[in-house]
Amino acid sequence: MSIIIAGAGLAGLSAAITLAQAGRKCILVSAQPSERAQSVLAEGGINAALDNMGENDSVQEHYEDTVKGGVYIANRRAVKGLTDNAPKTVMWLSSLGVPFNRENGRLLQRPFGGQKKRRTAFAKSSTGKMIMTSLIDKARSFESEGLIKRYPHHEFLRLINDNGICKGMRIKDRISGKCASMYGTVLLACGGMNGMFPGHTTGTVHNTGDAAAAVFMQGAAFSSLEMIQYHPTTIGIPGKRCLVTEAARGEGGRLFVKRDNEPWYFMEEKYPVLKNLMPRDVVAREMFFARRETGSEVMLDMTGIPHKVWCERLPDLKKELMSYTGLDPEKEPINVHEGIHYFMGGILTNEHHRTSIENLYAAGEFTSLYHGANRLGGNSMLGAVYGGITAAEDILSLPQSSECEVVFEDAPSDEPYYEESRARFNDALCEILLDGMGIVRNEQQLDKALSALEELTPENDREKARVMLARASLMSAAERKESRGAHYREDYPQTDDEYKKLSVARTDGGRVHISFIDADKEDICR
Amino acid sequence: MQIRLDIKRQQSPDDKSYIQSIVYEYDDKSEVLSNALGNINKGGCKDTEGNDVSPLSWECSCLQKKCGACAMVIGGRPRLACDAKLSEFANEGFVTVEPLSKFPLIRDLSVDRSVMFDTLRRIRLWLETDAYDNDKVRDIAYESSGCLQCGCCLEVCPNFYVGGRFYGMAAGLPMSKIIAQSQKGNDKDIRQQYKKHFYSGCGKSLACRNICPAGLDADRVMASSNAAAVWKRNVYKKK
Ligand SMILES: Cc1cc2nc3c(=O)[nH]c(=O)nc-3n(C[C@H](O)[C@H](O)[C@H](O)COP(=O)(O)OP(=O)(O)OC[C@H]3O[C@@H](n4cnc5c(N)ncnc54)[C@H](O)[C@@H]3O)c2cc1C
Ligand code: SF4
Ligand code: SF4
Ligand code: FES
């Protein structure tokens, strides 16, 4: 059987390149070309303990920060692999031509939230775009050799399962409208579930969440669905939330609210060591409380960032802010608000990226690996690239097999395109999720949201699957009766060791079942 | 506020095209065309003749000018729908919205830009070895890596057409990264591709200059590439 990858962002590309470098053929399916993947939006950078800033950084400290940032529910074997291999991964990207900022030949590193050392390598404020361009170039060389075959306007619909074993997947050509079956080992790298929250995330609308919902319906175990990262600093623009990269605070930006007409730098007062660079969950929550306490909006003051830093390290950010807010961030503070930014939850995998379904792998933001209850800035691009590589390496250990022939069926299928799905239905579902799973949660809100879900009337399989995934998310949040990382319960504000576990959601297509398991358990997917 | 959107519709390349006019209401002066199209597709919208508006086919992804998906011809100019503020057209009271014309039509405002990606494969746009690096190389690599493959520059270029041997700025700019980052003595192939498919065909009409939605500095990048690829100067001081 051949190898089929769905999703061509950082994770899918890294996997395809790793396979091709070993001489193995693969198929790379994506709803849109790689240039349009969410990965191109990443700005701030990618973490690795290169120790280029003379601060005695080490992979051990990167490991500790990641485990602690994830509030002790990330698979520690996986995090160890991630952080140990981070320097190698970033230097590989550099060798592919990513124009990382450097000084005297060495990669510069900037401070990012939740980390005491400067560890985040960056290419000005367009790191994701720069990494993607180099990976796309590399993949292209293998496309010409026939090692990578792209299907770049093809949507993943569902798995082809046989007795609980994945045999391949169904796709739909978004141009011709025709469907095809592909047979082989499947690696899913379809990104985060932004589409469950249309208009409310910093990501792309094209990571619709439908791929996740479909495989959840098909029995794959998902985990940490309650863990949604709200980024502290976003601004509202038409149709979405626009990220103000954490690098803005890394380079000196300060958060404040007006209290009795004086600026109150609440983060600096409450957290004298990491100040504005506490982990994102903490900053977002403190912003929520500061706003509630004072009734005034949170402002980000970047006027203290030196002009030289704006030019050399944050030029794109400045352009973007001026165009969207009409304000010059060098001269005046801008109003920021928390916005949904990253999904720590996703399909459950072990450290080799195997899922609960045999012959099905997953990588990137589509999975729940590495980040526990809260993802550190700069760790997700790392997780996507390293995760893609790691999944591919495991796939390489499978016996080599023949290529699959892809035959498109004659008649166009009547399966609706995402764009044709009912936006109003998706919006209604989103409102329910937002009500239940805001920054601050409680049992009453969650119960209300779960009842509201029952009132929705899904019309087709796609909508039914979305409702099921939404139910699983709300139930995961309801069952975790404690506060940890991104999940904050007003009614259970303490972190409780009894819940130092991963929430795992499964469905048989009718009911959802939630359980809690030890994140370090061997064979976690069984 | 309200504006009339005159949208070119066509069910398939074999069907006849027509203009559907929709009066769109909005409150915020920062409203952009992509958001209007998204709202229209939420349904319940009528055109100026009272007909229901069926779902419009168009492409988007990032909604913040970073992925190139939503390029179309807006008010006669190729632009990104997510960067086209409706208030810009307030004086006219209407704006025309059409698909990019140089690429095969799929439906309505969606076109098939596969040719752009095929071109990059054909010119063998990749590094054969590890990247060469110094400050100047990195600067050019950064600028040329920013290309969104949106196709706006090709739409206005008088010399580009699908199937022709001139590949336009959307290939010339990315080639500059490879020219800059190839190790010394390793760039012969890409230099030739650049000369043949970009330099010799570019009439320097500059039509594409102010069009690029990524704001890429083509002049600076091309000056370096021309020197390196055409005049074989060691502009990057490679050792
Ligand atoms: C604005 C922003 C800034 C960020 N900045 C940083 C940062 O500085 N540092 C950091 O580490 N992380 C950052 N992140 C997070 C990081 O960029 C992502 O987590 C990461 O890029 C995800 O990569 P991926 O390969 O998993 O998914 P994506 O890049 O999202 O790719 C998903 C792929 O799947 C395809 N796809 C989706 N659905 C389907 C389907 N049904 N069928 C077929 N194909 C499908 C898409 O077309 C795409 O090719 C940022 C994110 C955002 C939104
Ligand atoms: S300068 Fe003129 S000929 Fe050259 S790429 Fe631009 S538009 Fe085309
Ligand atoms: S050069 Fe500019 S206009 Fe042309 S494809 Fe690239 S981003 Fe678009
Ligand atoms: S949607 Fe990405 S550029 Fe407009």
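Residues numbered from 1 in each chain as written. Chains lettered and ligands numbered in written order. Predicted model: local features only at pLDDT ≥ 70, side-chain atom pairs only at ≥ 80, totals over all residues. Heavy atoms only, no water.

**Quick look at the overall build of chain A**
Working step 1: Looking only at helices and strands, chain A has 14 helices and 24 strands in total.
Working step 2: Here the C-alpha radius of gyration of chain A, 22 Å, is about what a compact globule of 526 residues would show, namely 24 Å.
Working step 3: Based on the C-alpha atoms only, the size of chain A along its principal axes is roughly 70 × 55 × 45 Å.
Working step 4: Scored against the burial criterion, the 526 residues of chain A give a buried share of 66%.
Working step 5: Contacts in chain A between residues at least 24 apart in sequence constitute 71% of all its contacts with a sequence separation of at least 6. (Helix = DSSP H or I, 4+ residues; strand = E, 2+ residues; numbered from the N terminus. Rg over C-alpha atoms; globule rule 2.2 N^0.38 Å. Buried < 20%, exposed > 50% of the residue type's maximum accessible area, 1.4 Å probe, protein only. Contact = heavy atoms within 4.5 Å.)

**Details of the pattern of salt bridges**
Working step 1: Tallied over the full model, the rule gives 59 salt bridges over all chains.
Working step 2: With a shortest N-O distance of 3.3 Å, A:D328 and A:K331 are connected by a salt bridge. (Salt bridge = Lys/Arg side-chain N within 4 Å of Asp/Glu carboxyl O.)

**Focus: the sheet that holds strand 13 (residues 228-237) of chain A**
Residue and element names in this part refer to chain A.
Working step 1: Read across the open sheet, the 3 strands follow the order 14-13-19; overall the sheet is antiparallel. The open sheet has two free edges, formed respectively by strand 14 (240-243) and strand 19 (337-343), since each of these has just one partner strand. Shown here is a sheet whose adjacent strand axes are inclined to one another by a mean of 65 degrees, direction ignored.
Working step 2: Bridge count between strand 13 and strand 19: 5 bridges; the pairing is antiparallel. When the sheet's bridge partners are listed, H231 is paired in strand 19 with G339.
Working step 3: Its contacts with the sheet place helix 8 (residues 280-294) against strand 13 and strand 19, and it is angled at close to 60 degrees to strand 13. (Pairing = 2+ DSSP bridges. Axes fitted to C-alpha atoms, helices over the stretch in contact; angles between N-to-C directions.)

**Side note on the domain arrangement of chain A**
As a measure of interface size, the accessible area lost when the parts come together is often cited.
All names here are of chain A.
Working step 1: The domain architecture assigned to chain A consists of domain 1 (7-192 + 341-395) and domain 2 (231-340).
Working step 2: The gap between the C-alpha centroids of domain 1 and domain 2 is 28 Å.
Working step 3: Domain 1 puts 22 residues into the contact, and the matching count from domain 2 is 23 residues.
Working step 4: Taken together, the two surfaces of domain 1 and domain 2 that pack against each other cover about 1,800 Å², and 54% of this comes from carbon and sulfur.
Working step 5: Among the residues domain 1 hides against domain 2, the three largest losses belong to E43, S125 and H341. Together they make up 32% of the total.
Working step 6: At the junction of domain 1 and domain 2, the tally comes to 1 salt bridge.
Working step 7: As a salt-bridge pair, R110 and E251 come within 3.1 Å of each other at their nearest N and O atoms.
Working step 8: In this assembly, domain 1 and domain 2 are joined by 11 residue pairs in polar contact (both at pLDDT 80 or more).
Working step 9: No other element matches strand 19, which puts 3 residues into the side of domain 1 that touches domain 2. (Domains from an automatic or database assignment. Buried area = accessible area lost by both parts, 1.4 Å probe. Polar contact = N/O pair within 3.5 Å; in protein donor to acceptor, adjacent residues only side chain to side chain.)

**Topic: the packing of helix 12 (residues 423-436) of chain A against helix 13 (residues 443-455) of chain A**
Residue and element names in this part refer to chain A.
Working step 1: Contact geometry for helix 12 and helix 13: axes closest at 8 Å, N-to-C directions at 165 degrees. By the angle between their axes, helix 12 is roughly antiparallel relative to helix 13. When the axes of helix 12 and helix 13 are compared, the crossing they make is left-handed. Note on element contacts: helix 13 touches helix 12 through Q445, L446, A449, A452 and L453, opposite L429, I432, D435 and G436.
Working step 2: For the contact of helix 12 with helix 13, the class distribution of residues is 6 nonpolar, 2 polar and 1 charged. (Parallel < 35°, antiparallel > 145°, perpendicular 65-115°, else oblique. Left-handed = near helix turned anticlockwise from the far one by under 90°. Nonpolar A, V, L, I, M, F, W, Y, C, P; charged D, E, K, R; others polar.)

**Observations regarding the sheet that holds strand 7 (residues 120-121) of chain A**
Residue and element names in this part refer to chain A.
Working step 1: Strand order in the open sheet formed by 3 strands is 3-7-6, with antiparallel pairing between adjacent strands. The open sheet has two free edges, formed respectively by strand 3 (46-47) and strand 6 (109-110), since each of these has just one partner strand.
Working step 2: Looking at chain direction, strand 3 and strand 7 are connected through 2 bridges and run antiparallel. When the bridges of strand 7 are listed, N47 appears paired with T120.

**What about the site of ligand 2?**
Working step 1: The environment of ligand 2 is made up of B:C157, B:P158, B:N159, B:F166, B:C202, B:G203, B:K204, B:S205, B:L206, B:A207, B:C208 and B:R209.
Working step 2: In terms of residue class, the shell around ligand 2 is built from 7 nonpolar, 3 polar and 2 charged. (Near = heavy atom within 4 Å.)

**Structural notes on the environment of B:Q192**
Working step 1: Mapped onto the elements, B:Q192 comes out in helix 6 (residues 188-199).
Working step 2: B:Q192 sits 69 residues away from B:I123 along the chain, and the two C-alpha atoms are 9.4 Å apart.

**Digging into the domain arrangement of chain B**
Residue and element names in this part refer to chain B.
Working step 1: The domain boundaries assigned to chain B delineate domain 1 (2-111) and domain 2 (114-229).
Working step 2: Put simply, the middle of domain 1 and the middle of domain 2, counted by C-alpha atoms, are 30 Å apart.
Working step 3: With 14 residues of domain 1 at the contact, the number on the domain 2 side is 15 residues.
Working step 4: With both sides pooled, the region where domain 1 packs onto domain 2 buries about 1,200 Å², and carbon together with sulfur makes up 64% of that total.
Working step 5: On the domain 1 side of the contact with domain 2, P78, K102 and F103 bury the most area, a combined 51% of that side's loss.

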